[in-house]
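# Commentary on secondary and tertiary structure
Okay, here's what each chain looks like letter by letter:
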Amino acid sequence: MYLKLKPALSLILLLLIHLPFAHAQQKSVDHQVDSLMRLMTLQEKIGQLNQYSDDWTATGPVTVDNDKTRQVRNGLVGSMLNCKGTDRTRWWQEAAMKSRLKIPLLFGQDVVHGYKTTFPIPLAEACSWDIDALSLSARTAATEASAGGIHWTFAPMVDIARDPRWGRVMEGAGEDPYLGSLIAAARVKGFQGNKLGDVNSVMACAKHFAAYGAAIGGRDYNTVDMSERMLWEVYLPPFKAAVDAGVATFMNSFNILNGIPATGNSYLQREILKGQWGFKGFVVSDWNSIGEMVTHGFVKNDYEAALAAITAGSDLDMESRCYKNNLAQLVTEGKVPLALVDDAVRRILEKKFELGLFDDPFKYCNAEREQKELNDPENPKIAREMAVRSIVLLKNQNNLLPLSKSTKTIAFIGPLVKAVKQNKGFWDVEVPGVDSGFIVSQWEGVKNKIGADAKLLYAKGCEIEGSDKSGFAEAVNIANQADVVILSIGERRNMSGEAHSRSNIGIPGVQEDLLKELLATGKPVVVLINAGRPLIFNYTADNAPAILYTWWLGSEAGNAIADVIFGDYNPSAKLTISFPLSVGQIPVYYSHLNTGRPASGQGNTSSYIDLSNYPKYEFGYGLSYSTFEYSNLTLSSDKMKSDEKLVATVIIKNTGKYAGEEIVQLYLRDVVSSIVRPVKELKDFKKIALKAGESKTITFTIDKEKLSFYNQQLKRVAEPGDFDLMIGASSKDIRLTDKFELVN
Ligand code: BGC
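Given the structure is predicted, the values throughout are model-derived calculations rather than measurements. (Residues numbered from 1 in each chain as written. Predicted model: local features only at pLDDT ≥ 70, side-chain atom pairs only at ≥ 80, totals over all residues. Heavy atoms only, no water.)

Turning our eyes to something else, we now look at the sheet that holds strand S6 (residues 249-252). Spatially, 3 strands are ordered S5-S6-S9 in an open sheet, and the strand pairing comes out parallel. Two strands lie at the open edges of the sheet, namely strand S5 (205-209) and strand S9 (282-284), each paired on one side alone. For this sheet, the mean inter-axis angle between neighbouring strands, taken without regard to orientation, is 30°. As judged from the 3 bridges shared by S5 and S6, these two strands associate in the parallel manner. Residue pairing for S6: cysteine 205 is matched across the bridge by threonine 249. (Pairing = 2+ DSSP bridges. Helix = DSSP H or I, 4+ residues; strand = E, 2+ residues; numbered from the N terminus. Axes fitted to C-alpha atoms, helices over the stretch in contact; angles between N-to-C directions.)

Neighbouring the ligand are the residues Leu81, Asp110, Phe154, Arg168, Lys207, His208, Met251, Phe254, Asp286, Trp287, Met318 and Glu498. Arginine 168 places a polar side-chain atom, nitrogen or oxygen, 2.7 Å from an oxygen atom of the ligand. Within the side chain of aspartate 286, a nitrogen or oxygen atom sits 2.6 Å from an oxygen atom of the ligand. Bound to the protein, the ligand loses 93% of the 310 Å² it would expose on its own. When its residues are assigned to classes, the shell around the ligand shows 6 nonpolar, 1 polar and 5 charged. (Near = heavy atom within 4 Å. Polar contact = N/O pair within 3.5 Å; in protein donor to acceptor, adjacent residues only side chain to side chain. Areas by Shrake-Rupley, 256 points an atom, 1.4 Å probe, with all protein chains shown as cover. Nonpolar A, V, L, I, M, F, W, Y, C, P; charged D, E, K, R; others polar.)

This part is about the sheet that holds strand S13 (residues 455-459). Strand order across the open sheet formed by 6 strands is S11-S16-S15-S14-S12-S13, with mixed pairing between neighbours. The open sheet has two edge strands, strand S11 (392-396) and S13, and neither has a second partner. Neighbour-to-neighbour, the strand axes of this sheet turn through a mean angle of 15°, independent of strand direction. The sheet contact formed by strand S14 (residues 484-490) and strand S15 (residues 525-530) spans 6 bridges and is parallel. In the sheet register, glycine 490 faces S15, and the bridge partner there is asparagine 530. Its contacts with the sheet place helix H20 (residues 511-520) against strand S12 (409-413), S14 and S15, and it is angled at close to 170° to S14. (Contact = heavy atoms within 4.5 Å.)

Take empty space enclosed by the protein next. Inspection of every chain in the model, using the stated rule, returns 6 cavities of 30 Å³ or more. Approximately 80 Å³ is the volume attributed to the largest cavity. Lining the largest cavity are Glu44, Gln48, Val72, Gly75, Val77, Ala96, Ser99, Leu101, Lys102, Ile103 and Leu105. Tallied by class, the residues present in the lining of the largest cavity amount to 6 nonpolar, 3 polar and 2 charged. Looking at the second largest cavity, its volume works out to about 70 Å³. In terms of lining residues, the second largest cavity is bounded by Leu668, Arg669, Asp670, Arg677, Glu681, Lys683, Lys706, Leu707, Ser708, Phe709 and Phe723. Those elements that place two or more of their residues in the lining of the second largest cavity are strand S20 (660-670), strand S21 (681-690) and helix H23 (704-707). Counting residues per element, the lining of the second largest cavity draws most heavily on S20, at 3 residues. (1 Å grid on protein atoms, 1.4 Å probe; cavity = no way out; pocket = protein on both sides within 12 Å on 5 of 7 lines; lining within 4 Å. Points joined across faces, edges and corners; volume = space filled by probe spheres on them.)

Tallied over the entire structure, the rule returns 31 aromatic pairs. Judged by centre distance (6.0 Å) and plane angle (55°), the ring pair of phenylalanine 209 and tryptophan 277 falls under tilted. Separated by 68 residues along the polypeptide, phenylalanine 209 in strand S5 and tryptophan 277 in the loop between helix H11 (266-276) and S9 bring together distant segments of the chain. Residue phenylalanine 209 is classed as buried on the basis of its relative accessible area of 1%. Among the residues examined, tryptophan 277 registers a relative accessible area of 11% and is labelled buried. (Phe/Tyr/Trp six-rings, centres within 6.5 Å; stacked < 30°, edge-to-face > 60°. Buried < 20%, exposed > 50% of the residue type's maximum accessible area, 1.4 Å probe, protein only.)

So, about helix H15 (residues 338-354). Between its first and last C-alpha, H15 extends 24 Å over 17 residues, near the 24 Å set by a 1.5 Å rise per residue. All of the buried residues along H15 are Val341, Asp342, Ala344, Val345, Arg347, Ile348, Leu349, Glu350, Lys351, Lys352 and Phe353. (Expected span 1.5 Å × (residues − 1).)

An α-helical segment advances 3.6 residues per turn. Residues three or four places apart therefore align on the same side. Gln511, Glu512, Leu514, Leu515, Leu518 and Leu519 are the residues of H20 that are buried. An end-on view of H20 places all buried positions within 150° of arc, on one side of the element. Those residues of H20 hidden inside the fold are in contact with S12, helix H19 (472-481), S14, S15 and helix H21 (538-543). Immediately beyond the C-terminal end of H20, within one or two residues, lies glycine 522, with a positive phi of roughly 85°. (Arc of directions from axis to C-beta.)

A separate point is the packing of helix H2 (residues 29-39) against H15. One can describe the packing of H2 onto H15 by two numbers: an axis separation of 9 Å at closest approach and a directional angle of 125°. As the angle between them shows, H2 and H15 are arranged oblique. As for the relative orientation of H2 and H15, their crossing is right-handed in sense. Note on element contacts: H15 touches H2 through Asp342, Val345, Arg346, Leu349, Glu350, Phe353 and Glu354, opposite Val29, Asp30, Gln32, Val33, Asp34, Leu36 and Met37. (Parallel < 35°, antiparallel > 145°, perpendicular 65-115°, else oblique. Left-handed = near helix turned anticlockwise from the far one by under 90°.)

Our next topic: the environment of aspartate 376. Tracing the backbone shows aspartate 376 in the loop between helix H16 (367-374) and helix H17 (378-388). A C-alpha to C-alpha distance of 9.6 Å links aspartate 376 and threonine 117, two positions 259 residues apart in sequence.

It is worth spelling out the nonpolar core at this point. If you look at the biggest cluster of nonpolar residues, it comprises 61 residues, and the most contacted ones within it are Leu394, Ile413, Leu518, Phe537, Tyr549, Trp551 and Tyr617. Of all the elements, H19 adds the most residues to this core, at 5 residues. Filtering out sequence-adjacent residues up to four positions away, phenylalanine 537 remains in contact with Leu394, Ile507, Glu512, Ile529, Ile547, Tyr549, Phe579 and Tyr617. Leu101, Leu106, Ala248 and Tyr323 belong to the second-largest nonpolar core, a separate cluster that totals 48 residues. (Core = buried A, V, L, I, M, F, W, Y, C linked by side-chain atoms within 4.5 Å.)

Counting buried residues along S20, 10 of its 11 residues qualify, which places the element largely inside the surrounding structure. Where S20 lies against S21, 9 bridges are found, and the strand directions are antiparallel. Directly across from glutamate 661, in S21, lies its bridge partner alanine 689. The pairing of S20 with strand S25 (residues 721-728) spans 6 bridges and is classified as antiparallel. In the strand pairing of S25, arginine 669 is matched with aspartate 724.

Another point: the side chain of aspartate 220. Examined against the element boundaries, aspartate 220 turns out to sit in the loop between S5 and helix H9 (228-235). Buried charge without a partner: aspartate 220 forms no salt bridge, and the closest opposite charge is arginine 168, 4.8 Å away. A distance of 2.9 Å separates polar atoms of two side chains, one belonging to aspartate 220 and the other to tryptophan 166. Of the polar contacts made by the side chain of aspartate 220, one reaches the backbone nitrogen of alanine 499; its length is 2.7 Å. (Lys, Arg positive; Asp, Glu negative; His and termini not counted. Salt bridge = Lys/Arg side-chain N within 4 Å of Asp/Glu carboxyl O.)

So, on to unusual backbone geometry. The omega torsion of the bond from lysine 207 to histidine 208 falls at 0°, within 30 degrees of zero and hence cis. Following the sequence through the fold, histidine 208 ends up in strand S5. Geometrically, the link from isoleucine 586 to proline 587 is a cis peptide bond, its omega value of 0° lying close to zero. The residue proline 587 is located in the loop between helix H22 (557-565) and strand S17 (628-635) in this model. Positive phi values are uncommon outside glycine, yet asparagine 258 reaches one of about 50°. Take asparagine 258: it is sitting in the loop between strand S7 (256-257) and strand S8 (260-261).

For the coordinates displayed, the defined rule picks out 46 salt bridges. Residue glutamate 681 pairs with arginine 677 through a salt bridge whose shortest N-O separation is 3.4 Å. Taking the relative accessible area as the measure of exposure, arginine 677 reaches 5% and is therefore buried. Three or more residues joined by partner-sharing salt bridges are found here, namely Asp110, Arg168, Glu171, Lys207 and Glu498.

Right under this line is the structure:
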């Protein structure tokens, strides 16, 4: 408090603090941070490294500490999470403004797929392969969240995930490092906008560093053990892409990586992230991941946990209180050099300056702006556009879809037809003062779409889980009255997500039994599968004539589903993660190695005796109401020097009746190399729109980087030799191939 200081010192402080801030634009952030840090006590510095969650109810200051507010007033807290809405953030910021140095709080929140307007879950959005749309989704979320007082989102999650048992597959972009990197960058840019400091920008956070998605057995928080090569080739690229896109922050992860918890891992955080990659932002721990190093058996107690974490480069402590309770002692005892603490503090303060919080700590607390942005009529339109682009058409026998809007009687059946909140999926944000009434249910969406004369019948049929079949008769009864049946089944929204791993990833309960009965009526059945992960549904896949994988599509789910069912949007999404045939295949992914005895060979091969090696639906798979023909692949040369570029062209023609979009995929294989390479790797793609009958020539440029991999010394090299080039509509549906040689 100024009042407690001697008057002369107070004056100097006032000048030192306020004058420079008033002239922020003339001074570099570094300089301002220097000036501020010279004034800070060790306790105040450690305060900046301390992050608390708000009380969940946000109605009063009762907290696990019982004194969070006092700590904020004393400058002992640098950041809060889970406080939302301008009223609440203003309240906390006012408390921070009572502290001696008036250092503003940073407000973080998991804005994972939207704030008020909920977008499709990230895995669904990824299936659009639409970089601009993905970026716009993040931009819209950032605009709403920043208007709601949030400075910082804990997103994007850029963990590669190849095990659909892991509940958090819903939160990432799927299995592929190339596509995952592009999506990571798009999301970072979307959240951060033109620059930090713009009032509608929030800081992004690349998480969870690193390899969290490779939890053994798909069990959340489980151990990760992998080769350096796998780490560098598959799991690190999206993080590097996030750094290159200017991501402001990183979050480390709960898991152990090769024996060392990520949170206490200097190799990851200091050597790679802050060293080799030159990352200038700060790293937040995951929730209590510093404290959990004790449970892992890596350190004896919180004191050692704090030592390990700060040494390894974890800057901000989310909720463990290990820094708050131990760092001062560690510094005093000389175990932690003050320079380490200073570096962490500096990184955090820099971001606060860049956000403009020292100029105006209440910059993001404008209630008028909050009302305006949260009710912007454009946002649901953007969400609907993103949602239609996320729906994957898996099957469409005899062109059952799209349905005609003049279909006379439709039976809309299933436990998810009238569900509202379910459509938001996991990681939605409960925005203060907003109920879920604005979410468009699937029922409403379809009802609004069909003509006034059409009859829409409803039966729930069964619950998502359980064995009760008493609703089947009613469902069959209305199916018999209808021209077509739409059946909406799947998981509960919280059957995937954090701490929601499943060992059985089938469609729960008796939902597939219901489908069996409906099919027995002889009526055509369109199945909608709602889920946060790839499910296994072989009966449905083999027997239902039409299947749309709708994931969780967010606020506009019902409208988007209706748009696709009735052909106002021709589906264009393709899977970014393989859908296994059976849990026994996991992990199954397209970019595997050939082995010495590939399954395609004779005799003893690397295959199961009771199951195919191939997934039910492969990476890159997805249908359209149209068909696309690929022809005339030409290469600019059959040889390429490493400083040259090779151009591949191909003609794509829409041979169907509808205008549509196709995702044309380019895969390469390095045939012989010092490190054995996968049978194919995605290296480029183009998403193109074609009117019925229209053709376009697509061009891909291949440069040295696309031919490079990590050699034995983990250096990126492109080795001379032969390459197979494959262009296709999925990782399996390769339409055209060629070869070329990289020469010295
Ligand atoms: C999750 C993070 C999340 C954090 C804060 C953790 O349990 O792993 O992804 O950002 O909680 O909510």
